[in-house]
Amino acid sequence: RLALAAGIALISLGLAGEIARLGEQAAGPSRIPAAAVAMSLLLIGLAGAVLVAEGAADPLERLGLRRGQLRLPALALLVLGVLFVSFAADSFLRLEGLRDQGTLARFDRAVSNARGPSLLMVSLTLALAPALAEEIFFRGLVQRGLVARLGPAFAIPLTALAFAAVHGDWTHAAAAFPLGLYLGVVAHLAGSIRASILCHAVNNLSAVWVGAFGWPQGRGLSLLGVTALLAGCAGLLWLASRPRFLSAPPSG
């Protein structure tokens, strides 16, 4: 079993490395989608290797991929909340003059003016694939494993730190950390990573489409506005956790 797990991990690493290498040889913005696909493939492969090594009897349950306990109105509140977090983080980086640096600036160039097939490509490679892979690995594999050992109060921020660390540079990590905290709370609240996958995908798609269509952002909000958004996000989390928004998690 350990040999099989090691083989899966090595194959994933090799494939991801080859995709990343081809991306480096590509011209212009194609490098960013290739790197995103490589990372997504690597995370899925590593998650699969760990499941094999653990001998997980029910991989869907282990990763939290079964249906959770949140009703649709709660999911709608949580999707709104992730947009609050994203806008707050973006505004803070703009206030500090950091938004146009590093991987975030390269991301903006990659999606700039994307239309038609190119918009579909970047939506799949930069939004949906990373949302699925990162949630399976971080909120599913890592966070759920840590919650069982340390409890959510430690597991959620530790997972958010790991999530931020893989995002390439300090600027991107600063934006990814609060998002990771939020997604960790969402996954724990729902009892399923389906909710965090949805929120993560909406966050990524909004970033792609804002970049593609060039919607004006200016300097974003003031520090007071950022604080208000984060407070509103906390309120949405509290509201989504109220009993009227919860149901007993089904078995399927």
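Throughout what follows, the structure given in this document is the object of discussion. These figures come from a predicted structure and were not determined experimentally.

1. With respect to the overall build of the chain
Thinking step 1. What the chain contains, in helices and strands, is ten helices and zero strands.
Thinking step 2. Since a compact globule built from 252 residues should have a radius of gyration of about 18 Å, the 18 Å found for the chain is in line with a globular shape.
Thinking step 3. Based on the C-alpha atoms only, the size of the chain along its principal axes is roughly 50 × 50 × 30 Å.
Thinking step 4. The 252 residues of the chain split such that 43% are buried.
Thinking step 5. Put simply, of all contacts in the chain between residues at least 6 apart along the chain, 79% involve residues at least 24 apart.
Thinking step 6. Here the chain has roughly 12400 Å² of accessible surface; of this, 71% comes from carbon and sulfur atoms.
Thinking step 7. Side-chain charges of the chain comprise 19 positive and 12 negative groups, with the mean position of each set lying 7 Å from the other.

2. Things to note about the pattern of salt bridges
Thinking step 1. For the structure shown, the criterion picks out eight salt bridges.
Thinking step 2. Residues E61 and R144 are paired through a salt bridge, measuring 3.7 Å at the closest nitrogen-oxygen approach. Taken together, the residues span a long stretch of sequence, with E61 in helix 3 (residues 59–63) and R144 in helix 6 (residues 116–150) at a distance of 83 residues.
Thinking step 3. We note a salt bridge from R139 to E135, for which the minimum N-O separation is 2.7 Å. Here the residue R139 and the residue E135 both occupy positions in helix 6, the gap between them amounting to four residues, near one helical turn.

3. What to know about helix 6
Thinking step 1. Remark: the principal bend of helix 6, roughly 35 degrees, maps to Q143.
Thinking step 2. Positive phi shows up at G151, right after helix 6, with a value of about 90 degrees.

4. A look at the packing of helix 6 against helix 9 (residues 193–213)
Thinking step 1. Two elements in contact, helix 6 and helix 9, have axes separated by 8 Å at closest approach and are oriented at 150 degrees. Classified by the angle between their axes, helix 6 and helix 9 sit roughly antiparallel to one another. The crossing of helix 6 and helix 9 is right-handed.
Thinking step 2. Its residues assigned to classes, the contact of helix 6 with helix 9 shows 17 nonpolar, five polar and three charged.

5. Quick notes on the packing of aromatic side chains
Thinking step 1. Inspection of every chain in the model, using the stated rule, returns two aromatic pairs.
Thinking step 2. Taking 5.0 Å as the distance between ring centres and 80 degrees as the angle between the ring planes, the aromatic pair formed by F137 and F138 counts as edge-to-face. Here F137 and F138 have matching classes, each one buried.
Thinking step 3. An angle of 75 degrees between the planes, with centres 5.6 Å apart, marks the rings of F138 and F163 as edge-to-face. With F138 in helix 6 and F163 in helix 7 (residues 152–165), the pair connects residues that are 25 residues apart, well separated along the chain. We note that F138, like F163, is buried.
Thinking step 4. Members of the aromatic cluster, joined through ring pairs, are F137, F138 and F163.
Thinking step 5. When the ring centre of F163 is taken as reference, the NZ or CZ atom of R139 above it lies at 4.4 Å.

6. A short note on the nonpolar core
Thinking step 1. If you look at the biggest cluster of nonpolar residues, it comprises 38 residues, and the most contacted ones within it are L70, L78, Y182, V186 and C199.
Thinking step 2. Of all the secondary-structure elements, those providing two or more residues to this core are helix 2 (31–54), helix 4 (72–95), helix 6, helix 7, helix 8 (170–190), helix 9 and helix 10 (223–240).
Thinking step 3. In terms of residue count, the dominant contributor to this core is helix 8 (nine residues).
Thinking step 4. If you look at the next biggest cluster of nonpolar residues, it comprises 13 residues, including A36, A114, L205 and V208.

7. Section: the packing of helix 2 against helix 6
Thinking step 1. Interhelical geometry of helix 2 versus helix 6 gives an angle of 25 degrees and a closest axis separation of 9 Å. When the axes of helix 2 and helix 6 are compared, the pair comes out roughly parallel. The element helix 2 and its partner helix 6 pack so that their crossing is left-handed. Contacts from I32, P33, A36, V37, S40, L43, I44, L46, A47, V50 and L51 of helix 2 reach helix 6 at M121, V122, T125, L126, A129, P130, A133, E134, I136, F137, F138 and L141.
Thinking step 2. In terms of residue class, the contact of helix 2 with helix 6 is made up of 20 nonpolar, two polar and one charged.

8. Notes on the environment of A74
Thinking step 1. Structurally, A74 can be placed in helix 4.
Thinking step 2. On the basis of relative accessibility, which here comes to 0%, the residue A74 falls in the buried class.
Thinking step 3. Sequence separation of A74 and E61 is 13 residues, and the distance between their C-alpha atoms is 22 Å.
Thinking step 4. Filtering out sequence-adjacent residues up to four positions away, A74 remains in contact with A240 and F245.

Conventions used here
- Residues numbered from 1 in each chain as written.
- Predicted model: local features only at pLDDT ≥ 70, side-chain atom pairs only at ≥ 80, totals over all residues.
- Heavy atoms only, no water.
- Helix = DSSP H or I, 4+ residues; strand = E, 2+ residues; numbered from the N terminus.
- Rg over C-alpha atoms; globule rule 2.2 N^0.38 Å.
- Buried < 20%, exposed > 50% of the residue type's maximum accessible area, 1.4 Å probe, protein only.
- Contact = heavy atoms within 4.5 Å.
- Areas by Shrake-Rupley, 256 points an atom, 1.4 Å probe, with all protein chains shown as cover.
- Lys, Arg positive; Asp, Glu negative; His and termini not counted.
- Charge placed at Lys NZ, Arg CZ, Asp CG, Glu CD.
- Salt bridge = Lys/Arg side-chain N within 4 Å of Asp/Glu carboxyl O.
- Bend = angle between axes of the 7 residues up to and from the residue.
- Axes fitted to C-alpha atoms, helices over the stretch in contact; angles between N-to-C directions.
- Parallel < 35°, antiparallel > 145°, perpendicular 65-115°, else oblique.
- Left-handed = near helix turned anticlockwise from the far one by under 90°.
- Nonpolar A, V, L, I, M, F, W, Y, C, P; charged D, E, K, R; others polar.
- Phe/Tyr/Trp six-rings, centres within 6.5 Å; stacked < 30°, edge-to-face > 60°.
- Lys NZ or Arg CZ within 6 Å of the ring centre and 35° of its normal.
- Core = buried A, V, L, I, M, F, W, Y, C linked by side-chain atoms within 4.5 Å.

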